[in-house]
Amino acid sequence: MSSIDVVLGLQWGDEGKGKIVDVLAGRYPVIARFQGGPNAGHSLHFDDKKFVLRSIPSGIFREGSRNLIGNGVVIDPITFKEECENLEKAGVPVKERLFISKKAHFILPTHRILDAANESSMGKGKIGSTLKGIGPAYTDRTGRNGLRVGDSLTDGFRSKFEALKAKHLRLLKQYDFEYNAEENEQKWFEAVDYMKGFKIVNGEYFVNGILENGENILAEGAQGSMLDIDFGSYPFVTSSSTICAGACIGLGASPSKIGDVYGIFKAYCTRVGSGPFPTELFDETGAELQKRGAEFGAVTGRPRRTGWLDLVALKYVVMLSGVTKLIMMKSDVMDTFKTVKAATSYIVNGEETTEVPFDIDAEITPVYTEFKGWNTDLSKAKSEEGLPEEFRNYVRFIEDYLGVPIKIISIGPDRTETIFR
Ligand code: GDP
Ligand code: IMO
Ligand code: MG
């Protein structure tokens, strides 16, 4: 029976989803994004080239692939147009390979302004948003005011836009924030016209039609499970459902259609933006992870915070999404470490627990299990057999703790630096 396999980031984003979707895309005729928007930055490396995708699925480089931007995604036409033009310049036939759901929502120029005004009003309590208008666009979706891609094909589009903009201008009055609401408006409408040249479809019929046809779909998550609107470290989260259930809502597919759930994690942790990060390191080891892992945001260029692997948080999200296969990324970043650590429980208010606490202000002291470092250049390994014993120990421990097998180990950014087990 055909199914939708889902790729999810299990941490705070930037786990390497772009690379893995690109690697797996050769096996799937259809690749679909189901949530998030241009807050995402998914990097792909192959043939000595590097690309960063924002709203477009990471299957776009595969010949003959069909790529869907699902209804759960929020689209900024301006960013979308730039992204497509870059791909076209690189010889990728985007218009041939891309489909967009009519029910995906638009990010308006005033959504971005609202995002910035809101963040700047919060001072120290700010989320650390990417300022792409994500929160305000999803707020309008839930508030039943949103503008959808399908609306751009109808006569009343301009007046719907004006009504929503007027609402935003009323909201902006509450902030002491300077802005120019018209600055990007013309560009935005031009980009909407550009989008009309793409295949705009009823995404839910598209997805279910593919499945009925006996073909499989790979669903590409954005952000990470710890940034999920319900289960992440609220309010320091994004505004969409980043766990497996989000794929059903964001594509219009029944839960019974979900096949494998691939959970991607780095061999350590990173977080960009504010919010709790129990295993965060403020020492030289943290700086080393940042340097060796080139941990700077693909979208904003902000340095990513770094820390040891957090198995308590991982176990939590494996539970939430029913992860069936794990994929471990960036192990090579710790090649030079004498010792490697992973948190296996927390001390919260003096008591040891293996659960993620509700209270995000709770003082959490991680309890670590230590591993001997492998001190080997992992990127030289061509297969499982080439991996050092110390490293295999680390892998075995993680599999046992989480109760899920690690099926792929990534040992470098390139498509080819991937070991299948
Ligand atoms: P995404 O948002 O989950 O797609 O991840 P990002 O692209 O934002 O960040 C992951 C970064 O790590 C990118 O720069 C990748 O090129 C890089 N990367 C992916 N896998 C590996 C790996 O196994 N080793 C190393 N050293 N870098 C990797
Ligand atoms: P990918 O798909 C890492 C973080 C932001 C901020 C919070 C809310 O590349 O893994 P938002 O712009 O959504 O309002 O920001 O979420 N964030 C990400 N962090 N990777 C991402 O995407 C992210 N998308 C949002 O830094 O803390
Ligand atoms: Mg990223």
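First, a word on scope: everything that follows refers to the structure included in this document.

## Some thoughts on the overall build of the protein
Then comes step 1: When helices and strands are counted, the protein shows 12 helices and 20 strands.
Then comes step 2: Taken over C-alpha atoms, the radius of gyration comes to 21 Å for the protein, in line with the 22 Å a tight globule of 421 residues would show.
Then comes step 3: Its C-alpha atoms give the protein principal-axis dimensions of about 65 × 50 × 40 Å.
Then comes step 4: Counting across all 421 residues of the protein, residues that qualify as buried make up 56%.
Then comes step 5: For the protein, the proportion of contacts with a sequence separation of at least 24, taken over those separated by at least 6, is 77%.
Then comes step 6: Roughly 17800 Å² of accessible area belongs to the protein as shown, and the carbon and sulfur atoms make up 49% of that amount.

## Regarding the coordination of the magnesium ion (ligand 3)
Then comes step 1: Those donors, Asp14 (OD) and Gly41 (O), are the protein atoms that reach the magnesium ion (ligand 3), and they lie 2.1 to 2.2 Å from it. Placement of Asp14 in the loop between strand E1 (4–9) and helix H1 (17–25) and of Gly41 in the loop between strand E2 (30–33) and strand E3 (42–46) is noted, with a sequence separation of 27 residues between them.
Then comes step 2: When its relative accessible area of 22% is taken as the criterion, Asp14 is described as partly exposed.

## Details of the site of ligand 1
Then comes step 1: Taken together, the neighbourhood of ligand 1 is formed by 19 residues, with Gly16, Lys17, Ser43, Asp332 and Ser410 sitting nearest.
Then comes step 2: Interatomic distance of 2.9 Å between a side-chain N/O atom of Asp14 and an oxygen atom of ligand 1.
Then comes step 3: Take Arg304: an N or O atom from its side chain is 3.3 Å from an oxygen atom of ligand 1.
Then comes step 4: Considering ligand 1 on its own, with 590 Å² of exposed area, one finds that the protein chains cover 92% of that surface.
Then comes step 5: Partitioned by chemical class, the residues of the shell around ligand 1 number 4 nonpolar, 8 polar and 7 charged.

## A look at the sheet that holds E2
Then comes step 1: Ordered by their spatial adjacency, 10 strands build an open sheet running E9-E7-E5-E2-E10-E1-E11-E15-E19-E20, and the pairing between neighbours is mixed. Edge positions in the sheet fall to strand E9 (199–201) and strand E20 (418–420), since each has one partner strand and no second. In this sheet, adjacent strand axes meet at a mean angle of 20° when their direction is disregarded.

## Quick notes on the packing of aromatic side chains
Then comes step 1: With the rule as written, the count across this model stands at 19 aromatic pairs.
Then comes step 2: Consider the rings of Phe106 and Phe157, whose centres lie 5.9 Å apart with planes at 50°: the pair is tilted. Here Phe106, found in strand E8 (residues 105–106), pairs with Phe157, found in helix H6 (residues 157–172); they are 51 residues apart in sequence, far enough to count as distant. Taken as a pair, Phe106 and Phe157 share a single burial class, namely buried.
Then comes step 3: With a centroid separation of 5.0 Å and 70° between ring planes, the pair formed by Phe371 and Phe397 is classed as edge-to-face. Here the residue Phe371 occupies a position in strand E18 (residues 364–372), and Phe397 occupies one in helix H12 (residues 389–402), the gap between them amounting to 26 residues.
Then comes step 4: For Phe371, a relative accessible area of 10% translates into the label buried.
Then comes step 5: Stacked on the ring of Tyr194, the Lys or Arg Lys81 has its end atom at 5.8 Å from the ring centre.
Then comes step 6: In this structure, Lys341 packs its charged tip against the face of Tyr368, placed 5.8 Å from the ring centre.

## Quick notes on the site of ligand 2
Then comes step 1: In the vicinity of ligand 2 lie 20 residues, with Asp14, Lys17, His42, Thr130 and Thr238 positioned nearest.
Then comes step 2: Take Asn39: an N or O atom from its side chain is 2.9 Å from an oxygen atom of ligand 2.
Then comes step 3: Within the backbone of Gly128, a nitrogen or oxygen atom sits 3.3 Å from an oxygen atom of ligand 2.
Then comes step 4: Considered on its own, ligand 2 offers 550 Å² of accessible surface; in the complex 97% of this is hidden by protein.
Then comes step 5: A per-class count over the shell around ligand 2 returns 7 nonpolar, 10 polar and 3 charged.

## Section: the packing of H6 against helix H7 (residues 185–195)
Packed helices, taken two at a time, are described by the angle their axes make and the gap between the axes.
Then comes step 1: Between H6 and H7, the least distance of the axes is 13 Å, while the angle of their chain directions is 140°. When the axis of H6 is compared with that of H7, the two are oblique. Note that H6 runs across H7; the crossing there is right-handed. Between H6, through Phe157, Arg158, Phe161, Glu162 and Lys165, and H7, the contact on the second element is made entirely by Glu185, Trp188, Phe189 and Val192.

## Describing the nonpolar core
Then comes step 1: Counting 68 residues, the largest nonpolar core has Ile4, Met334 and Tyr394 as its most contacted members.
Then comes step 2: Beyond its immediate chain neighbours, meaning those up to four positions away, Ile4 contacts Val207, Leu211, Ile217, Ala219, Leu251, Ala253, Lys257, Ile258, Gly259 and Asp260.
Then comes step 3: Core analysis: the second largest hydrophobic core is formed by 34 residues, Ile56, Val149, Leu164 and Val192 among them.

Definitions and limits used
- Residues numbered from 1 in each chain as written.
- Chains lettered and ligands numbered in written order.
- Predicted model: local features only at pLDDT ≥ 70, side-chain atom pairs only at ≥ 80, totals over all residues.
- Heavy atoms only, no water.
- Helix = DSSP H or I, 4+ residues; strand = E, 2+ residues; numbered from the N terminus.
- Rg over C-alpha atoms; globule rule 2.2 N^0.38 Å.
- Buried < 20%, exposed > 50% of the residue type's maximum accessible area, 1.4 Å probe, protein only.
- Contact = heavy atoms within 4.5 Å.
- Areas by Shrake-Rupley, 256 points an atom, 1.4 Å probe, with all protein chains shown as cover.
- Donors = N, O, S within 2.8 Å, 3.2 Å for Na, K, Ca; no water.
- Near = heavy atom within 4 Å.
- Polar contact = N/O pair within 3.5 Å; in protein donor to acceptor, adjacent residues only side chain to side chain.
- Nonpolar A, V, L, I, M, F, W, Y, C, P; charged D, E, K, R; others polar.
- Pairing = 2+ DSSP bridges.
- Axes fitted to C-alpha atoms, helices over the stretch in contact; angles between N-to-C directions.
- Phe/Tyr/Trp six-rings, centres within 6.5 Å; stacked < 30°, edge-to-face > 60°.
- Lys NZ or Arg CZ within 6 Å of the ring centre and 35° of its normal.
- Parallel < 35°, antiparallel > 145°, perpendicular 65-115°, else oblique.
- Left-handed = near helix turned anticlockwise from the far one by under 90°.
- Core = buried A, V, L, I, M, F, W, Y, C linked by side-chain atoms within 4.5 Å.

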